[in-house]
Amino acid sequence: MKNASFIFLLPAAVLLIFGVVSLGSNTAHGAGPLVWSDEFDGSVIDASHWTYDIGNGPPYPGWGNNELEYYTSRPENAYVSNGMLHVVARQEAYGGQNYTSAKMKTSGLFSKKYGRVEFRAKLPQGQGYWPAVWMMPQSSVYGAWASSGEIDILENRGSAPTSVLGTLHFGGVWPNQAQSHGPSFTFPPGDSVTNFHTYVLEWTTNSIQWIIDDQVYETQTSWWSAGGVYPAPFDQPFYIIVNLAVGGDFGGNPDGTTVFPGEMQIDYIRVYDVAPVLPPPPPVLKLRFGFDDHAGSTTTPSDSGGGVSATLQMVNGAGVNADYHGAAGSGVAGASTGSRTLDFSINGANQPGNPGPLASTTNANLGFGSVSNFVVTLWFKQNALMAAGANLGPRLFVLGGGSPSDTGVANSLGLKFQTSNQVYFQLNGVTAIADLHGSVTTNTWVFLAATYSGTSLAVYEGTDSTPASLVTNIVASTNVDFGALGTLYVGNKQNRQRSFNGWIDDFRFYTGVGDANFVESIRLLAANPPTSLTAAGGDNQVNLGWIPASGATGYNLKRATISGGPYATVASAGSLVGTNYNDATAVNGTKYFYVVSAVNNAGEGPNSLEANVTAACVPPPAPVASNNGPISAGMTLNLAAATVAGATYNWTGPDGFAATNQNPSIVNVTTNAAGSYSVTATVGSCSSAAATTVTISPPIRVSIEWSGTNMTLRWPNGTLQSASNLFGPWYDVPGVIGPYAIDPVEQQQFYRIKLQ
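Residues numbered from 1 in each chain as written. Predicted model: local features only at pLDDT ≥ 70, side-chain atom pairs only at ≥ 80, totals over all residues. Heavy atoms only, no water.

> Could you give an account of the packing of aromatic side chains, naming the residues involved and the relevant values?
According to the stated counting rule, one finds 34 aromatic pairs in the structure shown. Summarising the aromatic geometry, the rings of Phe368 and Phe482 are spaced 5.3 Å apart at their centres and angled 75 degrees between planes, so their arrangement reads as edge-to-face. One end of the pair, Phe368, is in the loop between β24 (358–363) and β25 (370–371); the other, Phe482, is in the loop between β34 (480–481) and β35 (486–490), and 114 residues separate them in sequence. Across the pair, Phe482 and Phe368 agree in class, each one buried. Centroid distance Phe657 to Tyr677: 5.5 Å. Interplanar angle 70 degrees. Geometry classified as edge-to-face. A residue pair is termed long-range when its members are at least 10 positions apart, and Phe657 in strand β49 (residues 657–659) and Tyr677 in strand β51 (residues 675–683) qualify at 20 residues. Its relative accessible area of 15% is what places Phe657 among the buried residues. Every member of this aromatic cluster is reached through a ring pair, and the members are Phe368, Phe374, Phe397, Phe425, Tyr452, Phe482, Phe507 and Phe509. The aromatic ring of Tyr268 is capped on one face by Arg270, whose charged end is 3.6 Å from the ring centroid. Above the ring of Trp503, the side-chain terminus of Lys381 is found at 4.9 Å from the ring centroid. (Phe/Tyr/Trp six-rings, centres within 6.5 Å; stacked < 30°, edge-to-face > 60°. Helix = DSSP H or I, 4+ residues; strand = E, 2+ residues; numbered from the N terminus. Buried < 20%, exposed > 50% of the residue type's maximum accessible area, 1.4 Å probe, protein only. Lys NZ or Arg CZ within 6 Å of the ring centre and 35° of its normal.)

So, in structure tokens, the structure goes:
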């Protein structure tokens, strides 16, 4: 339904731009909990559910579409009876118009963002009837129509009772609006809108579907708004509108064939939350060779980051065991990871009759059984280019059940060069030809991936600096039966006659369906590892930090007590999502070697470069110690230590003194307390030291000397106080020190020395 004038239908070519898809298959819906409904079972229209638009469309006469009706809330135009809502259009003079009808809405009473709107209805037939069930935004947060959107669930021209439409309106403010409607739904012969049918709209964050009688006939996934970014405007609550218009731009005006009254009947309207559609589980890593183990043997094990356990045996062209471990840093992003490769760069000729090196295994762990979909990836870097058009066919890998002799044989999959810039990925006897992006240069890491969904085989190419992109996609339908035993050849075929000349890294095999995003996740693991790992030792702890890896959803942190490992996991991706970590399990005095690896939905990437540090105690600053001496015996000795953040304190001193207070005191101190006092501040297990010397003088002695009527008082320290009564009050005698001459003027006078 429209709510503004000058609405134009767009040409069919534009519909493709808006992402309209038509699906003809029956699809079961994913309805969640029922959140709102009206079953129309009462005798009156429920005022808690519905309100009305009244009139002919102020401020836009004809509701902006040249409609002819006057909408009312009268029971003559809208009523409930026999479990049905009846919306009736009549030919009568009313409100300055020649027709009446009803337009009901849930605005202000109910609105919903995303969900499933379902109703069962039948519609009138006749020229000029325009029934609709549609939705408008509760708040026009993106601007006036149509920048805040409109969703037409059902529209029908009464002159065309065998078809209905579903439409979206969006874009800019009128007259800069856009609209997108898919193909109309056409009922089979003998059926029409005049019979009851179930109409459904399913609306999610990035998809809106129109369904009739369980058949999806339209899906839209692309729209825009001048007032916001996608998925605006259809990311806000919308309310429901039900109306039966007469005349207007959509279907024309009534004519002599139109029968009045005409009515739309609705059995129910129900709104559900859409049950969340869980994404399919990601492919499962079955086998990975990172080739990161140290040189020194003729075998290389599968990586412990995931999948089954297997070991490749490396042999030279003569079939003799040989060590082809690459040097540290020779792998993808080697300068950042120190990773190694399978190094076949010594192979001088890729041709039959000049056998080259091979790494292979036949292992029950590779007996994956029957596999109907998979993802397989590999990195390579050529040492020398093949001659153009030579068709020499170096093999990058062959994986299959039993002991496949080559690519392209039953129950196997494999990747081989056909020319200098063309590779074949072969699944059983099916071949996907991938023309790489120009001739592959030397000393450039190239990433290749193949995905098989069960119906199509796709090959992707990328590099360590460019994302993976699709280079070929073919229809295929076949399984690989690995049985109970499988074989993997890397860098050659079984007889070592098609050897690769260069380096191979990070071979992976997954079972399950993977898309382009999953392939790119695999590429990122090797091409963009975490870098700049730093380690700072502390008291029984090590603080670590690193630069994040692109595409990582988490990290695995590992450590060893020997450079190069083996490493034990300290923190895994389940608990480590940031780019710093405090290893609180470190032990002081132990030197640790740390690495970190990125993790995403494709698994784990290679380890970063190593960082090493020794955990050690770092003493806190020594607190400044002080006291209130010199004092005399019998006084209170007050000791003080300056504050050290987070510290606890421990005092020791003469005569067996010990205290854990920051500022302890000794009451009635004796001369035995004289001497040096020491305090330590402890943070964690690290302690400082500081000392203060205290002088304790003998007890205070006061002497009195008489000379005639004068009296002289002598004392070593303290404050002289006097009173006229023994019990006080006592007052300081200001500004005096001993000796002090007194000329008593009172009948009695008392003196004392205040020590503290």
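> How would you sum up a nonpolar patch on the surface? Please name residues and give values.
Side chains of Val702, Ile704 and Trp706 sit close together on the surface and give an oily, nonpolar patch of about 350 Å² of accessible area. On the secondary structure map, Trp706 appears in strand β55 (residues 703–707). Trp706 sits in the exposed class, given a relative accessible area of 58%. (Patch = residues over 30% accessible without salt bridge, like charges linked within 9 Å, V, L, I, M, F, W, Y side chains within 5 Å. Areas by Shrake-Rupley, 256 points an atom, 1.4 Å probe, with all protein chains shown as cover. Salt bridge = Lys/Arg side-chain N within 4 Å of Asp/Glu carboxyl O.)

> Explain the state of the cysteines to me, using residue names and the numbers behind them.
Summed over the entire model, instances satisfying the criterion amount to one disulfide. The disulfide bridge from Cys617 ends at Cys686, spanning 1.7 Å between sulfur atoms. Of this pair, Cys617 sits in the loop between β44 (611–614) and β45 (625–627) while Cys686 sits in strand β52 (residues 686–687); the two residues are 69 residues apart in sequence, bridging distant segments of the chain. (Disulfide = S-S within 2.5 Å.)

> Please provide a residue-by-residue account of unusual backbone geometry, values included.
For residues other than glycine, phi is negative in most cases, and the peptide bonds are mostly trans. Each neighbour pair has its own omega, and for Pro58 with Pro59 the value is 5 degrees, a cis peptide bond. Mapping Pro59 onto the fold places it in the loop between β3 (51–52) and β4 (69–71). Omega for the peptide link from Tyr230 to Pro231 comes to 15 degrees, which places this bond in the cis form. Mapped onto the fold, Pro231 is located in the loop between β17 (215–220) and β18 (238–246). Phi is positive for Asp506, close to 45 degrees, though the residue is something other than glycine. With respect to the helices and strands, Asp506 occurs in strand β36 (residues 502–511).

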